[in-house]
Amino acid sequence: MLLHELFETTARRVPEKVALGVGSQRYTYRELNGLATRLAETLQQRGVQRGDRVAIFADNGVEVVVGIYGALKAGAVFMPVNSLTKADKLAYLLNDSRAATLVTTQVLRSIWEPAITDAPSVKACIVAGLPVDAGDSRLMPYEAAIAGASGDPQRALAIDQDLASIIYTSGSTGEPKGVMLRHLNMVSAARSVNGYLGMTGDDVIMCALPLAFDYGLYQILMAFMVGATVVLERSFSFPVKVLETMANEGVTVFPGVPTMFSMIMGLNNLSQFDLRRLRMITNTAAALSERHIQELRALFPQATLFSMYGLTECKRVTYLPPDQLDIRPTSVGRGMPNEEVWLVDEQGKRLPNGSTGELVIRGSNVMRGYWEKPEHTARRLKPGPNPGEMVLYSGDVFRTDDEGFLYFVARKDDIIKSRGEKVSPKEVENVLYALDGVQDAAVIGVADDILGQAIKAFVVLRPGCEHREKDLLRHCQERLESFMVPKHIAIVPELPKTDTGKIKKTGLA
């Protein structure tokens, strides 16, 4: 089955069910399917063919959802781009992918206009809110693209080996790389994740994550697979507003990342929101600290908490069954359904339980590779145990306990080597998070003539907290081996974040 066929099947089954809520607007499955079908026809009229790339550059909204399914229905490959992307990077993405069409909004014109000037492959730019007198033959109002189509596009020929999407990585360690995902990869991932989450048509999902981020994107894909309703928010910049919407909409599922949960925990008016219908909270992007887990469970005792780990190259890898939270709270679990994972040493030898090594993933969810970057692909996709197959080397170091449950240690490139010892930044961060009043923490290695690398911690305190650097240092000294204790601690007002809400360590040194 193709990715968009999951949505079309649901639209036929529950056509009048509300699929999407954006502000005061509501869209049924029938309406959304019709909008996507008409956009697909317009894309084909504008020359989009099977396998062409359609970039979607907009804030969370109906245009993004229609753009995704419209591109798929036209036989194209959708390419979501975060709305915070700057003009130079957008131009790079358009040129690197040789995108044929851009779907965007008038609000972002100062970004996309110079970008498409430098991107000759873009033959059409469909813009929501575009003035009628646009003055450029490539430009077309989104509203006209929808209204002017009959809703009868040519049925695209595609199989599940065709690309469905290219999602670019953040590029924090170099130029962005386009992760190529086939229909098979994305359908398999959606089914496997929902296999353990168990979303149903009765669920109402709050999505304040960017749809350009695979974690946000899959809220749409999985919801539309089962007939659930998604409530879209532009971002989590105003948590009180999001919580108010969650209460009003009767949200049952809340996906988030640690920085979002830290913001919630810092609120003193949480009790005023009726969130009794919330039955499930999910976390990925970065592992939750033990303190985060305790506080979340105390704030939402009726909600089941799923701690998970994944990466764009295969969507999701592991999840911790909720009944294991009390037993091993810092674990991210074991491999999800229809997938196999294991650890290897530096020579690629498979390791037994109780070891530490790089995580390897085998499954239908694993990407085809990086778009037109064979050397980067070869470093991540390597021959697997069966002849002719490739498996994904994650680049992440984990340890396993005796039962095979996984614990994140660090990115291979992030391991700190101090005093001849290897230090996991995550282990030091977890100790800092255990101190009451710590909202965010980031630990890095900095050059040191004597130690090789010294450990430096950056800490954001919650409002009203009066800890000083020496208090944080003493807390670490009482709980960490001497070689793991930070040499430097800086209390800062905030930490930089990536577009997906992760704490960004690049440049902290």
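Residues numbered from 1 in each chain as written. Predicted model: local features only at pLDDT ≥ 70, side-chain atom pairs only at ≥ 80, totals over all residues. Heavy atoms only, no water.

Trainee: Hey, could you go over the overall build of the protein chain for me, with residue numbers and the actual values?
Mentor: A count of helical and extended segments in the protein chain gives 14 helices and 27 strands. Radius of gyration (C-alpha) of the protein chain: 23 Å, near the 23 Å computed for a compact globule of 509 residues. Overall size of the protein chain, expressed as C-alpha extent along the three principal axes, is 70 × 55 × 40 Å. With 509 residues in all, the protein chain has 59% of them scored as buried. In the protein chain, once contacts between residues fewer than 6 apart in sequence are set aside, the share between residues at least 24 apart is 65%. Each charge class in the protein chain was averaged separately, 57 positive and 59 negative side chains, and the resulting centres sit 1 Å apart. (Helix = DSSP H or I, 4+ residues; strand = E, 2+ residues; numbered from the N terminus. Rg over C-alpha atoms; globule rule 2.2 N^0.38 Å. Buried < 20%, exposed > 50% of the residue type's maximum accessible area, 1.4 Å probe, protein only. Contact = heavy atoms within 4.5 Å. Lys, Arg positive; Asp, Glu negative; His and termini not counted. Charge placed at Lys NZ, Arg CZ, Asp CG, Glu CD.)

Trainee: Can you explain the side chain of Thr377? Please cite residues and give values.
Mentor: Tracing the chain through its elements places Thr377 in helix H12 (residues 374-380). Beyond its immediate stretch of four places on either side in the chain, Thr377 contacts Arg368, Gly369 and Tyr370.

Trainee: Just give me the short version of the pairing of strand E25 (residues 438-448), but keep the residues and values in it.
Mentor: Most of E25 sits inside the fold, with nine of its eleven residues counted as buried. Of the pairings in the sheet, the one linking E25 to strand E26 (residues 452-461) comprises ten bridges and is antiparallel in character. Pairing of Gly445 across the sheet is with Ile455, part of E26. As consecutive antiparallel partners, E25 and E26 are separated by three residues. (Pairing = 2+ DSSP bridges.)

Trainee: So what's going on with empty space enclosed by the protein? Which residues, and what values?
Mentor: Inspection of the entire model under this criterion finds one cavity of 30 Å³ or more. Taken as a whole, the largest cavity holds about 30 Å³ of empty space. Along its surface, the largest cavity is lined by Val193, Leu197, Met199, Tyr215, Gln219, Met222, Thr282, Met308 and Arg316. In terms of residues, the lining of the largest cavity owes the most to one element, helix H8 (residues 214-226), which gives three residues. Considering only residue class, the lining of the largest cavity consists of six nonpolar, two polar and one charged. (1 Å grid on protein atoms, 1.4 Å probe; cavity = no way out; pocket = protein on both sides within 12 Å on 5 of 7 lines; lining within 4 Å. Points joined across faces, edges and corners; volume = space filled by probe spheres on them. Nonpolar A, V, L, I, M, F, W, Y, C, P; charged D, E, K, R; others polar.)

Trainee: Tell me about the packing of aromatic side chains, and please be specific about residues and values.
Mentor: Think of a pair of aromatic rings as described by two things: how far the centres are apart, and how the planes are tilted against each other in angle. Under the criterion given, the structure shown has 13 aromatic pairs. Seen from their ring centres, Phe7 and Tyr69 are 4.4 Å apart, and the 35° between their planes marks the pair as tilted. Separated by 62 residues along the polypeptide, Phe7 in helix H1 (residues 3-13) and Tyr69 in helix H3 (residues 62-73) bring together distant segments of the chain. Accessibility classification places Phe7 together with Tyr69 in one group, the buried group. Seen in terms of ring centroids, Phe213 and Tyr215 are 6.0 Å apart; in terms of plane orientation they differ by 85°. Their pairing is edge-to-face. Each member of the pair, Phe213 as well as Tyr215, carries the same accessibility label: buried. The lysine or arginine in question, Lys177, covers the ring of Tyr370, its NZ or CZ lying 5.4 Å from the ring centre. Between the NZ or CZ atom of Arg399 and the centre of the ring of Tyr407, over which it lies, the distance is 4.1 Å. (Phe/Tyr/Trp six-rings, centres within 6.5 Å; stacked < 30°, edge-to-face > 60°. Lys NZ or Arg CZ within 6 Å of the ring centre and 35° of its normal.)

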